[in-house]
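Listed below, chain by chain, are the residues.
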Amino acid sequence: MTEAILLVGGKGTRLRPLTVHTPKPMVPAAGVPFLTHQLARAKAAGVDHIVLATSYLAEVFEPYFGDGSGLGLHIEYVTEEEPLGTGGAIRNVASRLHSGPDDPVLIFNGDILTGLDIRALVDTHASTGADVSLHLTKVTDPRAYGLVPTDPSGRVLAFLEKPQTPEEIVTDQINAGAYVFRRSVIDTIPVGRPVSVERETFPELLAAGAHLQGMVDSTYWLDLGTPAAFVRGSADLVLGHAPSPAVPGRCGDRLILPTATVAPDAKLTGGTVVGEGAFVAEGARVFGSTILPGAVIEPGAVITDSLIGTRARVGERTVLTGTVIGDGAVIGPDNELREGVRVWCDARIPAGALRFSSDQ
């Protein structure tokens, strides 16, 4: 395995306001852009050439990663003028691949945090002679996902849309968003129009008699599509629950980047990250949260399972639980925000303006 495609063109609409100024793969998780973890894991598995399929805010990727040499990789960039879907994005970068027709090409979705054994997936692809091999994972409640039943040998039998009734739940196996394609299969994807591998490419290959192989790997897996999931994923990287060679420090209860300042009596736990130039004042308590670069947490603030955007400010004694504060927003003192609240970039909330409990 020497080549991979990373699909990083999505707009990240479910993550807004985090993605107003930053594409989803570049939002920091455990102190570095999330994409860094994927690139480092691909490198560790033996990949040396990666093509990034970009679209939304495409201009920010290359200035950060350059040619990839800092990670021991050769990275190329291809930008879609119009979003092409997963299959269209794969086809759009095919000219940058060096592989021969029967060689394997690894493909990742850019928003999945996983402990997948990448080498095992490639080995499964080779040993079974598959045209496409898919990473499958088992979930407790598969209703939100497409189901992928397989026979006892792991050969894929069908691709089933999100089940609506209990009778439709024929398996707990879902498509986990990592694939190995035979290089020649990529060339069969239509050019210049949106194509979904999940809804079009894979079902059509199956109908044509192609060999699609599933490999179940139920180690850590998380779709980082929502703010709550992104915060959890970052914390799990810091805690060591999700493996990555790119975490910039030792795993533990907290990760404080070198230029951050944290008061001696502030309490940081649960995989909390404090980004570059951020400040956490005395008496603040932060659990399982991400404080992005330049943010300020004032004295006595209590923050749980939340993400505080770049240069945002959280006022004294303010309590945040399961919330996202956009870049540059200012939350005044003595506010109380709970699960699901998203404060937009540069918004201003006055002191004591929002509460879920009395002011006593």
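Residues numbered from 1 in each chain as written. Predicted model: local features only at pLDDT ≥ 70, side-chain atom pairs only at ≥ 80, totals over all residues. Heavy atoms only, no water.

### What about the overall build of the protein?
Item 1. Within the protein one finds seven helices and 28 strands.
Item 2. Computed over the C-alpha atoms, the radius of gyration of the protein is 22 Å, within 12% of the 21 Å expected from 2.2 N^0.38 for a compact globule of 360 residues.
Item 3. Counting only C-alpha atoms and orienting by the principal axes, one finds that the protein spans roughly 70 × 50 × 35 Å.
Item 4. Counting every position in the protein, which comprises 360 residues, the buried fraction comes to 54%.
Item 5. Taking as baseline every contact in the protein between residues at least 6 positions apart, the subset at least 24 positions apart corresponds to 52%.
Item 6. Per element, the accessible surface of the protein, about 15,000 Å² overall, is 52% carbon and sulfur.
Item 7. Computed over 29 positive and 41 negative side-chain charges, the inter-centroid distance for the protein is 3 Å. (Helix = DSSP H or I, 4+ residues; strand = E, 2+ residues; numbered from the N terminus. Rg over C-alpha atoms; globule rule 2.2 N^0.38 Å. Buried < 20%, exposed > 50% of the residue type's maximum accessible area, 1.4 Å probe, protein only. Contact = heavy atoms within 4.5 Å. Areas by Shrake-Rupley, 256 points an atom, 1.4 Å probe, with all protein chains shown as cover. Lys, Arg positive; Asp, Glu negative; His and termini not counted. Charge placed at Lys NZ, Arg CZ, Asp CG, Glu CD.)

### Digging into unusual backbone geometry
Item 1. In this structure, the amide linkage connecting Arg-16 to the following residue, Pro-17, adopts the cis form with an omega of 15°.
Item 2. With respect to the helices and strands, Pro-17 occurs in the loop between β1 (3–7) and β2 (28–29).
Item 3. Even without being glycine, Asp-334 reaches a positive phi, approximately 60°.
Item 4. For Asp-334, the location among the structural elements is in the loop between β25 (330–331) and β26 (336–337).

### What about the side chain of Gln-173?
Item 1. Mapped onto the elements of the fold, Gln-173 is located in strand β9 (residues 173–182).
Item 2. A relative accessible area of 9% means that Gln-173 is categorised as buried.
Item 3. A distance of 2.9 Å separates a polar side-chain atom of Gln-173 from the backbone oxygen of Val-148.
Item 4. A polar atom in the side chain of Gln-173 sits 3.3 Å from the side chain of Thr-150.
Item 5. Aside from chain neighbours lying at most four places away, what touches Gln-173 is Leu-136, Thr-137, Lys-138, Gly-146, Leu-147, Val-148, Pro-149, Thr-150 and Val-216. (Polar contact = N/O pair within 3.5 Å; in protein donor to acceptor, adjacent residues only side chain to side chain.)

### Thoughts on the UniProt feature "domain: Mannose-1-phosphate guanyltransferase C-terminal" (unreviewed entry) in the protein
Item 1. Here the UniProt feature "domain: Mannose-1-phosphate guanyltransferase C-terminal" (unreviewed entry) sits at residues 252–333.
Item 2. Taken end to end, residues 252–333 has its terminal C-alpha atoms 30 Å apart, with 0% of it in helix and 41% in strand. (UniProt positions renumbered as here; feature names shortened; annotations may be inferred.)

### Structural notes on the sheet that holds strand β23 (residues 319–321)
Item 1. Read from one edge of the open sheet, five strands run β14-β17-β20-β23-β26, paired in parallel fashion. A single partner strand is all that each edge strand has here, and the edge strands are β14 (267–269) and β26.
Item 2. When β23 meets β26, the two strands line up parallel, connected through two bridges. Bridged to Leu-320 within β26 is Leu-337. (Pairing = 2+ DSSP bridges.)

### Concerning the layout of surface pockets
Item 1. Looking at the largest pocket, its volume works out to about 1,300 Å³.
Item 2. Taken together, 43 residues make up the lining of the largest pocket; nearest its centre are Thr-86, Asn-109, Asp-111, Glu-198 and Arg-199.
Item 3. Put simply, the parts of the chain that give the lining of the largest pocket at least two residues each are α3 (85–92), β9, α6 (197–207) and β11 (221–223).
Item 4. Here the lining of the largest pocket gets five residues from one element, more than from any other, and that element is β9.
Item 5. What the second largest pocket holds in volume is close to 170 Å³.
Item 6. Lining the second largest pocket are Leu-18, His-21, Thr-22, Met-26, Val-27, Pro-28, Leu-292, Pro-293, Thr-310, Arg-311 and Asp-327.
Item 7. Looking at the lining of the second largest pocket, its residues break down into six nonpolar, three polar and two charged. (1 Å grid on protein atoms, 1.4 Å probe; cavity = no way out; pocket = protein on both sides within 12 Å on 5 of 7 lines; lining within 4 Å. Points joined across faces, edges and corners; volume = space filled by probe spheres on them. Nonpolar A, V, L, I, M, F, W, Y, C, P; charged D, E, K, R; others polar.)

### Examining the pairing of β1
Walk down a regular strand and you will see the side chains alternate between the two sheet faces.
Item 1. Within β1, five of the five residues are buried, which leaves the element mostly enclosed by the surrounding structure.
Item 2. Inspection of the sheet shows β1 paired to strand β4 (residues 49–54) by five bridges, in the parallel sense. Opposite Leu-7, over in β4, you have Ala-53 as the bridge partner.
Item 3. Bridge analysis of β1 against strand β6 (residues 104–109) gives four bridges, and the strand direction is parallel. Across the sheet, the residue bridging to Leu-7 is Asn-109, located in β6.

### Let's talk about the nonpolar core
Item 1. One finds Phe-181 and Phe-202 to be the most contacted residues of the largest nonpolar core, which totals 29 residues.
Item 2. Residues within four places of Phe-181 in sequence aside, it is in contact with Ile-90, Asp-103, Pro-104, Val-105, Ile-107, His-125, Asp-131, Val-132, Ile-186, Ile-189, Val-197 and Phe-202.
Item 3. Of all hydrophobic cores here, the second largest spans 25 residues; its members include Ala-45, Leu-52, Tyr-77 and Ile-118. (Core = buried A, V, L, I, M, F, W, Y, C linked by side-chain atoms within 4.5 Å.)

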